[in-house]
Amino acid sequence: MLELKNITFRVNDDGVERGIIHNLSLPIPNGKLVVITGPNGGGKSTLARLIAGIEKPAAGQILWNGTDITEWSVTDRAKAGIAFAFQQPVRFKGLQVFDLLRLASGKQLRMAEACEYLARVGLCARDYIDREVNASLSGGELKRIEIATVLARNAELTIFDEPEAGIDLWSFQNLIEVFREMRETVKDRSILIISHQERILNIADQLVVLKDGRLSASGAKDEILPELIGTASAVPDCRKNSQGKGGDAEC
Amino acid sequence: MLKLDEVQMRLLREVADLHKVPEGAYNIRSNSQSAGRNSTANIEITSKQDVSGLEIRIKPGTKHESVHIPVVMTESGLKETVYNDFYIGEDADVVIVAGCGIDNCGNQDSQHDGIHRFFVGKNAHIRYVEKHYGSGDGKGKRILNPVTEVYQEENSSVEMEMVQIKGVDDTNRTTLAELAAGAKLVVRERLMTHGKQNAISTYSVKLNGEGASADVVSRSVARDDSYQKFDAKLLGNAPCSGHTECDSIIMDHGRILAVPGLEANDVDAALVHEAAIGKIAGDQIIKLMTLGLTEQEAEEQIINGFLK
């Protein structure tokens, strides 16, 4: 179980300190799919990066299964069972899709297993397994590969930072299925998704609304969601995608 | 009969992936002596009479055969210049594996300068693999200064893979090529320098015939206090196409100089040069750290992938 206690995070904008997260406390229980939503600039992605260890808080504590991991490195948190899917996946010249999946799995990954992860995100394994994770891949392909690497982590806590950003309509539907499947097998694990897509909010157990770096609402989906419908915290659909362009059209 | 010790066998594995006597034609040179040689019905290897080196003659039409000519040096202080000429007959299709490994445990410099000339007949295709490797903890330097000259007749094609990943202190590589009509040259160079190593790689490719094409791509990593210079010049003397690319990762106090050189002497010569030098992107390291790798392990994976 993950617990955030009185987390504060600031950035330095040209010598001026600006608060992004203000004294935020939040438990993420095991066995739940939690979605953090809220308007843009509310601190959602920052919170995800704080949990993964990419950013360090100015104050507060992060507890993981009772242990204070606030000062732990990204690597140590990953080894302790925290996985993180980037909003903007990283490109690598030379590293192949299989390499990333192998590194993510942390073991001698068999080809058949690697192909299974790709199939789960709707990619034909034969076409992608040997591809370099470089600029030859489209934004949508990269995003699906990013999600496949996180599935290969098989972690106790998996964080997705705006998983819908940059993927096409077909992939979006596929993505919902991936989350549904993860949720069914979640048991004593947790899934944390940063999103403001209504359909993702709909499959959550719990919703957290973050506004201006503060907790604006938190609770069971059925209690919170009705209040969010029609606001920037619950966008009904991928508008651009619904024009049927496919490809790289962004949500 | 091959008589090689453990160190020599290790060098052979590094530079030519050889675990035993290779199939087909070969000449293994060890400490300036021939440690074994074999010619085949189609590939004849003979010693030069006037200077140190070999003449390798491949009969026209020879297909699916290979030539291995690795060099290993384990005596400190050896300096040699070797002239190897390859005559590749028309329509032949062969693989040539060269490479040099130096193990220098002494205090004197060891140096091998291989001058390779390729005369590639019409419609012939060769794949040439050259790996350089150094080891040993002596103060003596390990120096390799290869010169590769390629003369391609009409519609021939040459693929060259040049690899130097570790242990060579000083290298000055020169590659010269002249291509007739329809000839194609593809070069893939991979280089990593560390410590105080110096590596200079100079290319001059003349595209002399209509439809000739060249694609010269170098990927390199400069670590510690090492220095690299990549100087690639393409001359388009006919309707032709040429592309050179230098893609480098710089680390620590490494230095890299990329010198683009394109000279078009024909209005239908299409020549392109690309060069990029930069350190490993921070988000690449962070991504691999989120998979459980340490910062150092992440860097190694990124470099290994880049040079693969």
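All values derive from a computational prediction rather than experimental measurement.

Overview of the interface of chain B and chain A
Piece 1. Each partner contributes to the interface: chain B provides 16 residues, whereas chain A provides 19 residues.
Piece 2. Those elements that provide at least two residues to the side of chain B that touches chain A are α2 (282-289) and α3 (295-306) of chain B.
Piece 3. Counting residues per element, the side of chain B that touches chain A draws most heavily on α2(B), at 6 residues.
Piece 4. Of the residues belonging to the side of chain B that touches chain A, the class tally is 7 nonpolar, 6 polar and 3 charged.

Side note on the sheet that holds strand β1 (residues 2-13) of chain A
Residues and elements named next belong to chain A.
Piece 1. In spatial order, the strands read β2-β1-β4-β5; together these 4 strands make up an open sheet with antiparallel pairing. Each end of this open sheet is capped by a strand with a single partner; those strands are β2 (16-28) and β5 (67-68).
Piece 2. Examined bridge by bridge, β1 and β2 share 9 bridges and lie antiparallel to one another. If you follow Asn12 over to β2, its bridge partner there is Glu17.

A closer look at unusual backbone geometry
Piece 1. A positive phi angle is found at Asn154(A), which is not glycine, with a value near 50°.
Piece 2. The residue Asn154(A) is located in the loop between α6 (139-153) and β7 (157-161) in this model.
Piece 3. Residues other than glycine seldom take positive phi values, yet His64(B) does so here, at roughly 50°.
Piece 4. Positionally, His64(B) belongs in strand β5 (residues 63-68).

Considerations on helix α1 (residues 6-16) of chain B
All names here are of chain B.
Piece 1. Every buried residue of α1 is listed here: Gln8, Leu11, Leu12, Glu14, Val15 and Ala16. Mapping the buried residues of α1 onto a view down its axis gives an arc of 165°, with all of them on the same face.
Piece 2. Residues of α1 that are buried make contact with β1 (25-30), β5, β6 (71-73), β8 (93-97), β9 (100-103) and β11 (125-135).
Piece 3. Residue Asp17 follows α1 closely and has a positive phi angle near 50°.

Observations concerning the packing of helix α4 (residues 111-120) of chain A against α6(A)
All names here are of chain A.
Piece 1. In the contact formed by α4 and α6, the axes pass within 9 Å of each other and the chain directions differ by 125°. In terms of their interaxial angle, α4 and α6 are classed as oblique. Handedness of the crossing formed by α4 with α6: right-handed. Taken together, the residues of α6 that come into contact with α4 (itself represented by Tyr117, Leu118 and Arg120) are Ala148, Leu151 and Ala152.
Piece 2. Classifying every residue of the contact of α4 with α6 by side-chain character gives 5 nonpolar, no polar and 1 charged.

A word on α2(B)
Piece 1. Buried residues dominate α2(B), accounting for 6 of its 8 residues.
Piece 2. If you check which residues of α2(B) are buried, you get Gln284(B), Ile285(B), Ile286(B), Lys287(B), Leu288(B) and Met289(B).
Piece 3. Residues of α2(B) that are buried in the fold lie against α2 (74-79) and α3 (97-105) of chain A together with α3 of chain B.

So, the domain arrangement of chain B
Residue and element names in this part refer to chain B.
Piece 1. Looking at chain B, the domain boundaries give domain 1 (1-163) and domain 2 (169-308).
Piece 2. The gap between the C-alpha centroids of domain 1 and domain 2 is 23 Å.
Piece 3. The interface is formed by 25 residues belonging to domain 1 together with 23 residues belonging to domain 2.
Piece 4. Only β11, β12 (142-144), β13 (147-152) and β14 (157-166) provide two or more residues apiece to the side of domain 1 that touches domain 2.

Re the environment of Asp130(A)
Residue and element names in this part refer to chain A.
Piece 1. Mapped onto the fold, Asp130 is located in the loop between α5 (125-128) and α6.
Piece 2. In this structure, the C-alpha to C-alpha distance between Asp130 and Asp99, residues 31 residues apart in sequence, is 8.7 Å.
Piece 3. Excluding residues that lie within four positions of it along the chain, Asp130 makes contacts with Gln96 and Phe98.

Describing the nonpolar core
Piece 1. One finds Ile51(A), Ala148(A), Ile159(A), Ile88(B), Leu185(B), Val205(B) and Leu207(B) to be the most contacted residues of the largest nonpolar core, which totals 146 residues.
Piece 2. Broken down by element, this core gets its largest block of residues, 7 residues, from α6(A).
Piece 3. Of the domains in this structure, domain 1 (1-163) and domain 2 (169-308) of chain B are the two that each give at least three residues to this core.
Piece 4. With sequence-adjacent residues up to four places away left out, Leu185(B) is seen in contact with Val150(B), Gln152(B), Val158(B), Ala177(B), Leu179(B), Val205(B) and Ala214(B).

Notes on the confidence of the model for chain A
Residue and element names in this part refer to chain A.
Piece 1. Predicted confidence across chain A gives a mean pLDDT of 88, with 94% of residues reaching 70 or more.
Piece 2. When the elements of chain A are averaged for pLDDT, helix α7 (residues 169-184) gives the smallest value, 83, and α2 the largest, 97.
Piece 3. Ignoring residues within four places in sequence, the model shows residues 239-251, a span with pLDDT below 50, making 28 contacts including any to other chains.

Description of the sheet that holds strand β9 (residues 206-211) of chain A
Residues and elements named next belong to chain A.
Piece 1. With mixed pairing, the 6 strands of this open sheet are ordered in space as β6-β7-β8-β3-β9-β10. Looking at which strands have only one partner, the edges of the open sheet turn out to be β6 (82-85) and β10 (214-220). Each adjacent strand pair in this sheet contributes to an overall mean axis angle of 15°, direction not counted.
Piece 2. In this structure, β9 lies alongside β10, joined through 6 bridges in antiparallel fashion. Bridge assignment links Leu207 to a residue of β10, and that residue is Gly219.
Piece 3. Along the sheet face, α6 touches β6 and β7 and points at about 170° away from the line of β6.

Analysis parameters
Residues numbered from 1 in each chain as written. Chains lettered and ligands numbered in written order. Predicted model: local features only at pLDDT ≥ 70, side-chain atom pairs only at ≥ 80, totals over all residues. Contact = placed C-beta atoms within 7 Å. Helix = DSSP H or I, 4+ residues; strand = E, 2+ residues; numbered from the N terminus. Nonpolar A, V, L, I, M, F, W, Y, C, P; charged D, E, K, R; others polar. Pairing = 2+ DSSP bridges. Buried ≥ 20, exposed ≤ 12 C-beta atoms within 10 Å, placed from the backbone. Arc of directions from axis to C-beta. Axes fitted to C-alpha atoms, helices over the stretch in contact; angles between N-to-C directions. Parallel < 35°, antiparallel > 145°, perpendicular 65-115°, else oblique. Left-handed = near helix turned anticlockwise from the far one by under 90°. Domains from an automatic or database assignment. Core = buried A, V, L, I, M, F, W, Y, C linked by C-beta atoms within 7 Å. pLDDT = per-residue confidence, 0-100.

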